[in-house]
Amino acid sequence: MKTNPAPSVAWRLCLMVSSHVVGTVNIVTVLAVAPLIARDLSLSATQFGFFITAYYTAQAFWSIPAGGLVDRFGVGRTLIASHCIMAAGTVLLALANAYLLCLAALFLMGIGYSMVNPATGRGVLAWFPSHRRGTAMGIKQFGVPLGGVFAAGNGA
């Protein structure tokens, strides 16, 4: 009986880095194109600021339940769910033509990203020996600034 080998270390690191890239790209792209969004929806700076508040409020409220989801469903399923939720929020934002719909979209994107940190953190603990976890954690977190660089390019 042939068994499937465990995913390679490189594949696991790539999964975690790309999850942080996607999670950062979604909010930083919104920031990078803020002038366009504000103009198209006739928003004040304060109204636009509530977009960011909605995003981070969702993360604050969903981070603890997200950890519970990782414990219950595992790293892979939780990351898939997080990407689906972030994608749904992104599509909703792209199609939104009203302020409250945009706020809901940003809230949804924040819920999705709140699942990434507990899932990737658990991945580091489960997939790497203790003497390699610090390095793995640093590599996975590399996705955050990398996502910021990609998203800033979206504004250009």
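Check the entry above for the structure.
First, a word on what this report is: a plain description of the structure on this page. All values reported here derive from a predicted model rather than from experimental measurement.

Take the packing of aromatic side chains next. The description of an aromatic ring pair rests on the distance of the ring centres and on the angle between the ring planes. Under the counting rule described, the total for this entry stands at three aromatic pairs. When the centroid spacing of 5.1 Å and the interplanar angle of 50° are considered together, the rings of Phe48 and Phe51 count as tilted. With Phe48 and Phe51 both in helix 3 (residues 45-73), this residue pair falls three residues apart, about one helical turn. For the pair shown, Phe48 and Phe51 are each scored as buried. Consider the rings of Phe51 and Tyr99, whose centres lie 5.7 Å apart with planes at 25°: the pair is stacked. In this pair, Phe51 sits in helix 3 while Tyr99 sits in helix 5 (residues 99-114), placing the two residues 48 residues apart along the sequence. Grouping aromatic residues by their ring pairs yields a cluster made of Phe48, Phe51 and Tyr99.

What counts, and where the lines are drawn
- Here, residues in each chain are numbered from 1, in the same order as that chain's written sequence.
- Reporting in this predicted model follows two pLDDT cut-offs: at least 70 for local features of residues, and 80 or more for side-chain atom pairs to be given and counted; totals over whole chains, interfaces and linings ignore these cut-offs and use all residues.
- Only heavy atoms go into the side-chain values, all of them from the structure, while hydrogens and water stay out.
- Whether two aromatic rings pair depends on their centres lying within 6.5 Å, for rings of Phe, Tyr and Trp, where Trp uses its six-membered ring; planes under 30 degrees apart make the pair stacked, over 60 edge-to-face, and the rest tilted.
- Counting from the N terminus, the helices are the DSSP runs of H or I reaching at least four residues and the strands are the DSSP runs of E reaching at least two.
- Three exposure classes are used, based on accessible area relative to the maximum for each residue type with a 1.4 Å probe and protein chains only: buried under 20%, partly exposed in between, and exposed over 50%.

Limitation: the analysis is restricted to geometry and does not speak to function.
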